[in-house]
Structures are given as C-alpha cells and as structure tokens.
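# Structural features, examined
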Amino acid sequence: MDKLETLEQFLEFVKVKTSFKYSHTLPLSHQGRVDSKEKSLTLIIIPMPDLLVKLYELPDVRSHIDELQQKGVNIRKAMAYEKHQIIEWVEDNFGPGWASECDVAFGNSRISCFIATENNNIMGFACYDSTAKNFFGPMGVAVQARNRGIGKALLLSALDAMSHIGYAYAIIGGTESIEYYKKAVGAIEIPGSSPGIYKDKLK
Ligand SMILES: CC(C)(COP(=O)(O)OP(=O)(O)OC[C@H]1O[C@@H](n2cnc3c(N)ncnc32)[C@H](O)[C@@H]1OP(=O)(O)O)[C@@H](O)C(=O)NCCC(=O)NCCS
C-alpha cells in the first residue's frame, strides 16, 4: 500500500479502493468513518447496503406535506425549467456524483425528482428511478433545514410516486442511513448488497 500522508490522499484511497461512498461535503465527524488523531488516520468502514421498502404499507404522505406547508415549506415535483438550478444545488451541497444521478431523474419522461422549497430556495431533494430502475435516491436536505421532517416528507412523496407507477417495493440504494429508513418506512436490509451495484467506481 502506498504511504498516505495527507487526509486528502487517504480519502482518495478510500474512495477508489473500497467502492464505499463518501461525501466530501459533509463534516468528517458526521460521517463517522475517519478518526484523525495525532496525525494518524484510522479507517472505519461503514457498510452501505441496499434496503427494501414495502410500498403497499407506506405511512400517509399528505399529512406530512400539509404540516410542512403550514410552516412555509413546499414539497413538490421538480419542474423541467429548474433543472439547472437543482442540479447545481445538489452538486454544491452533496457533490458531483449525486448531481449526476439527479440529472438522470430529469431525463425520465416523468421527472423522478421531488424538491423541498422555502422562500423560493431549495431545502432538499429526493430522486427515484435514477441510479437504477426501482431505486430510491439519492436524497439530501440542506444542513440548516434538517430535523424538521423535510427528509421524511421527501422520502414519502417519492415512494408514493413509485407506488403509483406500479412498483410494489422500492430499493434504497447503497445507504449508511439504515436506522433512518428503518424508522421512517420500515426498510429492511438486503443481505449481501454492499457494495451492490456501486462497484468499480471511476477514479
Ligand atoms: C438523512 C437526511 C435526508 C434526513 O433529513 P431530515 O430532514 O433531517 O430528516 P427528518 O427531519 O425527516 O428526520 C429527522 C430524524 O431522523 C434522524 N436521523 C437523521 N439522519 C439519520 C441517520 N443517518 N440515521 C438515523 N437517524 C437519522 C434525526 O436524528 C431525527 O430524529 P428525531 O425525529 O427522533 O429527532 C439528512 O440528514 C441528510 O441530508 N443527510 C445527508 C445525506 C444523506 O445521508 N442522505 C440519505 C442517504 S441517500
């Protein structure tokens, strides 16, 4: 193994050699994968399996959307004319990989992307049928807008749309937020699915 002298070299090594996803825009402490102490770096690999969700037993989505609307947050489908703004926002907040996946959602004949807005600003997004057919994700909420139920409303909106186009189950692709999805929609882990389709990632 090459000698890895900087944090950047180390993270590049993690990204290229392990196929595990890593978002460089998030504070490292939030990712729980890197421990930086006295110039030594320790890799803590968190598996990122796919999860399965029953679309025929989803919690009610409307109440979540209405509750947020009363607080000035709109959850709605993304429109074609705002594609450039949404993709740029996703890239700025979550990196180029998720921006690419979001771009694909705009190529679907029914745009498969929901967004959250507040005061005409984007607060979050969620895509489906992007990374692969039947896959939910990626999804992200602006750091300053978290813990207000926006993620759950985006998640339920996208899953509800997947149910309406005929899917019985959805697959949440390669996630480390397993507990979040378990709690929100009763997701279960698909055995042996990490790294799943996220193999041989380009440098
Ligand atoms: C995961 C994410 C979308 C949740 O958005 P959010 O709007 O904050 O979520 P909600 O408000 O619906 O839910 C917040 C609750 O989920 C919990 N939660 C958030 N992220 C969690 C995680 N990774 N694991 C477990 N619980 C989590 C919060 O502690 C909070 O709990 P509480 O209701 O008991 O207080 C957001 O944290 C995010 O963008 N994270 C970075 C990107 C990401 O990981 N995306 C998902 C993988 S594709």
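Residues numbered from 1 in each chain as written. Predicted model: local features only at pLDDT ≥ 70, side-chain atom pairs only at ≥ 80, totals over all residues.

On to the site of the ligand. The environment of the ligand is formed by 16 residues, the closest being Arg146, Gly151, Lys152, Ser177 and Tyr180. Of all the secondary structure elements, the ones that give two or more residues to the shell around the ligand are β7 (135–141), α6 (150–164) and α7 (178–185). When residues of the shell around the ligand are assigned to their parent elements, the largest contribution, 5 residues, is made by β7. Within the shell around the ligand, the residues separate by chemical class into 5 nonpolar, 7 polar and 4 charged. (Near = placed C-beta within 6 Å. Helix = DSSP H or I, 4+ residues; strand = E, 2+ residues; numbered from the N terminus. Nonpolar A, V, L, I, M, F, W, Y, C, P; charged D, E, K, R; others polar.)

Our next topic: the nonpolar core. A general trend in soluble globular proteins is that nonpolar side chains are found buried together. Ranked by internal contacts, the top residues of the largest apolar core, which has 45 residues, are Ile86, Phe125, Leu154 and Ala158. The dominant element in this core, judged by the number of residues it contributes, is α6, at 9 residues. For Phe125, the contacting residues outside a window of four places in its chain are Ile86, Val90, Cys102, Cys113, Phe114, Ile115, Met139 and Gly140. (Core = buried A, V, L, I, M, F, W, Y, C linked by C-beta atoms within 7 Å. Buried ≥ 20, exposed ≤ 12 C-beta atoms within 10 Å, placed from the backbone. Contact = placed C-beta atoms within 7 Å.)

Here the focus is the confidence of the model for the protein. Across the protein, pLDDT averages 87, with 80% of residues at or above 70. The model gives residues 19–33 a pLDDT under 50, and that stretch makes 31 contacts with residues more than four places away or in other chains. (pLDDT = per-residue confidence, 0-100.)

A word on unusual backbone geometry. Residue Pro138 follows Gly137 across a cis peptide bond; omega there is 0°. Among the structural elements, Pro138 can be located in strand β7. That bond from Ser194 to Pro195 is cis: its omega, 10°, falls within 30 degrees of zero. On the secondary structure map, Pro195 appears in the segment after β9 (188–189). Phi at Asn119 takes a positive value of approximately 50°, unusual for a residue other than glycine. With respect to the helices, strands and loops of the structure, Asn119 is situated in the loop between β5 (113–118) and β6 (121–128). Look at Asn147: it is not a glycine, yet its phi comes out positive at around 65°.

The two faces of strand β3 (residues 51–54) differ: Leu51 and Val53 on one face are buried, but Leu52 and Lys54 on the other face are not. Bridge analysis of β3 against strand β8 (residues 169–172) gives 4 bridges, and the strand direction is antiparallel. Residue pairing for β8: Leu52 is matched across the bridge by Ile171. As paired strands, β3 and β9 are joined by 2 bridges and run antiparallel to one another. Each residue of the ladder has a partner; that of Leu51, found in β9, is Glu189. (Pairing = 2+ DSSP bridges.)

What follows concerns the environment of Trp98. Along the polypeptide, Trp98 turns up in helix α5 (residues 96–107). A C-alpha to C-alpha distance of 8.6 Å links Trp98 and Met139, two positions 41 residues apart in sequence.

Strand order across the open sheet formed by 7 strands is β4-β5-β6-β7-β8-β3-β9, with mixed pairing between neighbours. A strand with exactly one partner marks an edge of an open sheet, and here the two such strands are β4 (73–77) and β9. Contacts from helix α4 (residues 83–94) reach β5, β6 and β7 within the one sheet, and its direction differs from that of β6 by about 95°. (Axes fitted to C-alpha atoms, helices over the stretch in contact; angles between N-to-C directions.)

This part takes up the packing of α4 against α5. Following both chains from N to C, one finds α4 and α5 inclined at 155°, their axes separated by 7 Å at the closest point. With respect to their mutual orientation, α4 and α5 come out roughly antiparallel. Crossing angle aside, the handedness with which α4 passes α5 is right-handed. Taking contact as the criterion, the partners of Lys83, Ile86, Ile87, Val90, Glu91 and Phe94 in α4 are, on α5, Pro96, Trp98, Ala99, Cys102, Asp103 and Phe106. Class assignment of the residues belonging to the contact of α4 with α5 gives a composition of 9 nonpolar, no polar and 3 charged. (Parallel < 35°, antiparallel > 145°, perpendicular 65-115°, else oblique. Left-handed = near helix turned anticlockwise from the far one by under 90°.)

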